[in-house]
Amino acid sequence: MKILVVGNGGREHALTWKLSTDSTKPEMFCAPGNAGTQEIATNLAIKADEIDKLVSWAMKNKPDLTVIGPEVPLCLGLTDELEAIGLKVFGPSKDAAELEGSKVFSKEVMEAAGIPTAASKSFSDYDNALKYAETAKIPCVVKAEGLAAGKGVIICETKTELLDAIKLTMLEKAFGAAGNRMLIEDFLEGEEASILALVDGENILMLASSQDHKRIFDNDQGPNTGGMGAYSPAPIVTDDLWPIIKEDVYQKTLDELKRRGITYKGVLYAGLMIDKNKTPYVLEFNCRFGDPETQVVLPRIEGDLLPAFMACAEGSKLTDDIIKWKDEHAVCVVMASGGYPGDYQKGKVIEGIKSAENDKSTVFQAGTKRVDGKIITDGGRVLVVSSLGKDLPDAINNAYSSIKNISFEGAFYRKDIGSKGLKRNA
Ligand SMILES: Nc1ncnc2c1ncn2[C@@H]1O[C@H](COP(=O)(O)OP(=O)(O)O)[C@@H](O)[C@H]1O
Ligand SMILES: [Mg+2]
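S.K.: An account of helix α1 (residues 10-20) is requested, with residue identities and associated values reported.
M.R.: Extensive coverage of α1 is indicated by the burial of nine of its eleven residues. Regarding α1, the residues found buried are Gly10, Arg11, Glu12, His13, Ala14, Leu15, Thr16, Lys18 and Leu19.

S.K.: Which residues make up the site of ligand 1, and what values do they have?
M.R.: Around ligand 1 sit 15 residues in total, of which Lys103, Glu185, Leu188, Glu192 and Glu284 are the nearest. Here a nitrogen atom of ligand 1 and a backbone polar atom of Asp186 are 2.9 Å apart. For ligand 1, whose accessible area on its own is 540 Å², the fraction buried by protein is 85%. When contributions to the shell around ligand 1 are tallied by element, the ones reaching two or more residues are β7 (140-144), β8 (153-156), β9 (182-186) and β16 (280-286). Here the residues of the shell around ligand 1 are counted per class, giving eight nonpolar, one polar and six charged.

S.K.: Account for the sheet that holds strand β5 (residues 89-90), with residues named and values stated.
M.R.: Reading across from one edge, β3-β2-β1-β4-β5 is the order of the five strands in this open sheet, with parallel pairing throughout. Because the sheet does not close on itself, it has two edges, and the strands there are β3 (42-43) and β5. Inspection of the sheet shows strand β1 (residues 2-7) paired to strand β4 (residues 65-68) by four bridges, in the parallel sense. Of the residues in β4, the one forming a bridge with Leu4 is Thr66. Strands in contact with α1 are β1, β2 (27-32) and β4; relative to β1, the strand with the most contacts, it is inclined by about 170°. Across the sheet, helix α11 (residues 306-314) is in contact with β1, β4 and β5; its angle to β4 comes to roughly 95°.

S.K.: So what's going on with helix α6 (residues 103-113)? Residues and values would help.
M.R.: Here α6 lies mainly inside the structure; eight of its eleven residues are buried. Every buried residue of α6 is listed here: Lys103, Val104, Phe105, Ser106, Lys107, Val109, Met110 and Ala113. Gly114, located one to two residues past α6, shows a positive phi value of around 70°.

S.K.: Any chance you could break down the packing of α6 against helix α9 (residues 241-259) for me, citing the residues and the numbers?
M.R.: It is the contact of α6 with α9, at a shortest axis distance of 9 Å, that shows an interaxial angle of 105°. By the angle class used here, α6 and α9 are roughly perpendicular. The residues of α9 that touch α6, namely those facing Phe105, Val109, Ala112 and Ala113, are Lys252, Thr253, Glu256 and Leu257. When its residues are assigned to classes, the contact of α6 with α9 shows five nonpolar, one polar and two charged.

S.K.: Quick one: what's the story with the pairing of β1, residue by residue and with numbers?
M.R.: Among the six residues in β1, five count as buried, and that is most of the element. Alignment of β1 against β2, held across six bridges, turns out to be parallel. Bridge pairing in β2 places Ile3 opposite Met28. As for the winding sense of the linkage, the β-α-β connection from β1 through α1 to β2 is right-handed.

S.K.: So, the pattern of salt bridges: which residues are in play, and what are the values?
M.R.: Applying the stated criterion across every chain yields a total of 28 salt bridges. One salt bridge in this structure joins Arg370 and Glu39, with 3.3 Å as the shortest N-O distance. In this pair, Arg370 is assigned in strand β21 (residues 368-371) and Glu39 in the loop between β2 and β3, connecting sequence segments 331 residues apart. Overall, Arg370 belongs to the partly exposed group, its relative accessible area being 36%.

S.K.: How would you summarise a negative patch on the surface if you had to cite specific residues and measurements?
M.R.: Together, Asp52, Asp80, Glu81 and Asp95 line one region of the surface with negative charge. Looking at the secondary structure, you find Glu81 in helix α4 (residues 78-84). Given the relative accessible area of 34%, Glu81 is considered partly exposed.

Each value, and the rule that gives it
- Residues numbered from 1 in each chain as written.
- Chains lettered and ligands numbered in written order.
- Predicted model: local features only at pLDDT ≥ 70, side-chain atom pairs only at ≥ 80, totals over all residues.
- Heavy atoms only, no water.
- Buried < 20%, exposed > 50% of the residue type's maximum accessible area, 1.4 Å probe, protein only.
- Helix = DSSP H or I, 4+ residues; strand = E, 2+ residues; numbered from the N terminus.
- Near = heavy atom within 4 Å.
- Polar contact = N/O pair within 3.5 Å; in protein donor to acceptor, adjacent residues only side chain to side chain.
- Areas by Shrake-Rupley, 256 points an atom, 1.4 Å probe, with all protein chains shown as cover.
- Nonpolar A, V, L, I, M, F, W, Y, C, P; charged D, E, K, R; others polar.
- Pairing = 2+ DSSP bridges.
- Contact = heavy atoms within 4.5 Å.
- Axes fitted to C-alpha atoms, helices over the stretch in contact; angles between N-to-C directions.
- Parallel < 35°, antiparallel > 145°, perpendicular 65-115°, else oblique.
- Right-handed = clockwise from strand over helix to strand, strands pointing away.
- Salt bridge = Lys/Arg side-chain N within 4 Å of Asp/Glu carboxyl O.
- Patch = residues over 30% accessible without salt bridge, like charges linked within 9 Å, V, L, I, M, F, W, Y side chains within 5 Å.
- Lys, Arg positive; Asp, Glu negative; His and termini not counted.
- Charge placed at Lys NZ, Arg CZ, Asp CG, Glu CD.

Written as structure tokens, this is what we have:
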């Protein structure tokens, strides 16, 4: 069994780690991977968006399964190209990936399907957007349509901020072509949670809930990042919400896609805002696993994950008991380079990864590379320490006592990951 994982972040290290422990003992490949995947897989010198090179490699090496981590290759149609040469892929087709690739398309689908989401208007013309801004509700949210690496959403608290956000997106093209079209949507109050579900084209298997921490500083202060930590499960997603999310979010979305001739398979990530009436509003869909949510959801899975991925790739074989869960909570804390999410330095030597790992804690590497036998920093989010525990406080303790072992110049991490969940439990 040969498996190719496409991508190079903490998410892909976690996917490679989980799949490498499968009972079939698969041979793992990562394109391009990082210093962490290098220890458990063969890294290929092909970047995640080099579609032609990935297809050539796959044609020659015939992986039994390709798992595509990031959104960019999915939106470029890597799944379609690999399936066209007869290979199995875990990940949606180009058309299905538009749920993430175009926030305008995604909103159209949600509105047509009657899914709870913020009311919005889309614009492809700067002057029309400005005109609308005159009467728009404040606060509101400006969203560039396309992929913007998590930077294309601006919360506007005043009319001036709204006008600036429209200008930045549509006139100054701060997010490039991603801002050719944009949405202005109502601001929703509530608490966020992430839901990941596996979909095989027909059946939906909801995975554990989790909650990400997007802001750089403690107590959700400072600018947004790719995510500074996460915990799972998220107590805001109470038992009574699961059937509602499955029916009102997932089933309706898949049905609406089907009406449009699109079959979804792979993982479908719903970013939810749960309001005080406990209605789960969809903020966005992603067509892939979340990073760092993956790093807390996968360690909670007992035994093999590969059969579930295979079922999705082959279509219509997902069953409710295909994944078993540990009775444990998980917390992960991201260690970032000083200065992130602004400018930061690379090339700092990382010490202590091995001493941070034990039967409860695993280190997933993200922005790292190996040079002369040393692991050095090579990105903003450098690594993630993910720990299990019998409850949330225990998992938090385990993660923070592990991460203390790791150091590099300028290293930075949040000290309050999971505390929102503790407040809710109290
Ligand atoms: N309608 C909204 N109301 C309130 N906050 C929002 C709204 N839409 C987005 N946000 C906030 O902005 C963040 C990013 O928006 P999202 O739609 O997830 O786009 P992306 O992840 O592509 O940047 C969300 O996690 C949430 O905190
Ligand atoms: Mg998001």
